[in-house]
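Chain by chain, the residues run as shown.
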Amino acid sequence: AQSVTQLGSHVSVSEGALVLLRCNYSSSVPPYLFWYVQYPNQGLQLLLKYTSAATLVKGINGFEAEFKKSETSFHLTKPSAHMSDAAEYFCAVSENTGFQKLVFGTGTRLLVSP
Amino acid sequence: EADIYQTPRYLVIGTGKKITLECSQTMGHDKMYWYQQDPGMELHLIHYSYGVNSTEKGDLSSESTVSRIRTEHFPLTLESARPSHTSQYLCATGQPSGNTIYFGEGSWLTVV
């Protein structure tokens, strides 16, 4: 079975500081990995995805993530936080075969202070 | 990007009432999903569909039911709502050969 662990339910940064949101996965087959962002009272928006191509994936809004198979990790980073980045971030994994079903982590709330 | 429309966005309803949450999409995607998300928690898959006349139960047991009579519609029904059904319900779609799942804005259900 697949699973995702997101370390830290809350992460606080200052505006302009580095953002690092951690995600570790477990999968018995080569995974697809995703980061979604959720703003209050809204659905999920895809930030970026890893689908077995380049291990460093660039997404929207200046975010990027690196797939590290040896560490089973897919951490999300952004060099400089902006106030508008404050939201809930979800890491998700799906099998690289057949029907796509996402398994989500518990989410990390990013707080950005002036 | 998929255009996914969920109605109602917010619903407060009494215990025992029947409710249907509507989900429609305009991109012709075969795969559709319903996820349930309690406040501040992760999402859990409760139903999915490969296409017309296909419905499957997801990883989290749910008393809701779904139907897929048309490609673009995937409504979710609760025959008798209970306070334990209070949650956010998110509809999603996926392309036939793609690996990305797109989400609607969600329906917030409160059962009092």
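For every chain, the first residue of its written sequence is number 1, and the numbers climb from 1 along that sequence. Chains and ligands are labelled sequentially in the order written, the chains with letters from A and the ligands with numbers from 1. With the structure being a predicted model, the display of local features is reserved for residues of pLDDT at least 70 and the display and counting of side-chain atom pairs for 80 or more, all residues being used for whole-chain, interface and lining totals. Where side-chain values are given, they derive from all heavy atoms of the structure, hydrogens and water being excluded.

1. Side note on the overall build of chain B
To be explicit about the condition: Starting at the N terminus, helices and strands are each numbered in turn, a helix being any DSSP run of H or I of at least four residues and a strand any DSSP run of E of at least two. Throughout, exposure labels follow a simple rule: accessible area from a 1.4 Å probe, protein chains only, divided by the maximum for the residue type, with under 20% read as buried, over 50% as exposed, and the rest as partly exposed. Per-residue and other accessible areas follow the Shrake-Rupley method at a 1.4 Å probe size, with only the shown protein chains counted as cover for residues. Charged residues are defined narrowly, with Lys and Arg counted positive, Asp and Glu counted negative, and His plus the chain ends left uncounted. All charge positions are set by atom: Lys at NZ, Arg at CZ, Asp at CG, Glu at CD.
Scanning chain B from N- to C-terminus turns up zero helices and 11 strands. When the elements of chain B are put in sequence order from the N terminus, they spell out β-β-β-β-β-β-β-β-β-β-β. Seen through its C-alpha atoms, chain B measures out along the principal axes to roughly 40 × 30 × 25 Å. Scored against the burial criterion, the 112 residues of chain B give a buried share of 50%. Just so you have it, chain B exposes about 5,200 Å², and 51% of that area is on carbon and sulfur atoms. When the 8 basic and 12 acidic side-chain charges of chain B are each reduced to a single mean position, those positions are 7 Å apart.

2. Quick notes on the interface of chain A and chain B
Stated precisely, the cut-off is as follows: Here, residues are in contact when the closest pair of their heavy atoms is within 4.5 Å. Summed over both partners, the accessible area (1.4 Å probe) lost when two parts come together is defined as the buried area. Any Lys or Arg side-chain nitrogen found within 4 Å of a carboxyl oxygen on Asp or Glu counts as a salt bridge. Contacts described as polar in this section are N or O atom pairs within 3.5 Å, which, within protein, must combine one atom able to donate a hydrogen with one able to accept it, while residues neighboring in sequence count only if both atoms come from side chains.
Taken together, the 19 residues of chain A in the interface contact 25 residues of chain B. The junction of chain A with chain B conceals about 1,900 Å² of combined surface from both sides, 57% of it contributed by carbon and sulfur atoms. At the junction of chain A and chain B, the tally comes to one salt bridge. For B:Asp59, the salt bridge is made with A:Lys101, and the minimal N-O distance between the two is 3.8 Å. Here chain A is connected to chain B by five residue pairs in polar contact (both at pLDDT 80 or more).

3. Structural notes on the environment of B:Lys57
Mapped onto the elements of the fold, B:Lys57 is located in strand β6 (residues 56-57). Considered as a pair, B:Lys57 and B:Ile46 are 11 residues apart in the sequence and their alpha carbons are 5.9 Å apart.

4. Re the confidence of the model for chain B
Rules: The predictor attaches a confidence to each residue, called pLDDT, with possible values from 0 through 100.
Residue-level pLDDT values for chain B average 92, and 96% of them are 70 or greater. No element of chain B has a lower mean pLDDT than strand β10 (residues 101-103) of chain B, at 90, and none a higher one than strand β3 (residues 19-25) of chain B, at 97.

5. Looking at the side chain of B:Ser54
Of note, B:Ser54 is situated in the loop between β5 (43-49) and β6. A distance of 2.9 Å separates the side chain of B:Ser54 from the backbone nitrogen of B:Tyr50, its partner in a polar contact.

6. Concerning the environment of B:Asp38
Residues and elements named next belong to chain B. Along the chain, the position of Asp 38 falls in the loop between β4 (31-37) and β5. Along the chain, Asp 38 and Val 52 lie 14 residues apart, while their C-alpha atoms are 28 Å from each other. Among all residues touching Asp 38, those that are not within four sequence positions of it are Thr 86 and Ser 87. There is a polar contact of 2.8 Å between the side chain of Asp 38 and the side chain of Ser 87.

7. Things to note about the state of the cysteines
All names here are of chain A. Put simply, the test is: Our working definition of a disulfide is a cysteine sulfur pair at a distance within 2.5 Å.
One pass over the full model with this rule turns up two disulfides over all chains. Here Cys 23 is linked by a disulfide to Cys 91, with a sulfur-sulfur distance of 2.0 Å. Here the S-S torsion is close to -65°, and the disulfide linking Cys 23 with Cys 91 is therefore left-handed. In this pair, Cys 23 is assigned in strand β3 (residues 19-26) and Cys 91 in strand β9 (residues 87-95), connecting sequence segments 68 residues apart. Here the two residues Cys 23 and Cys 91 agree in accessibility, since each one is buried.

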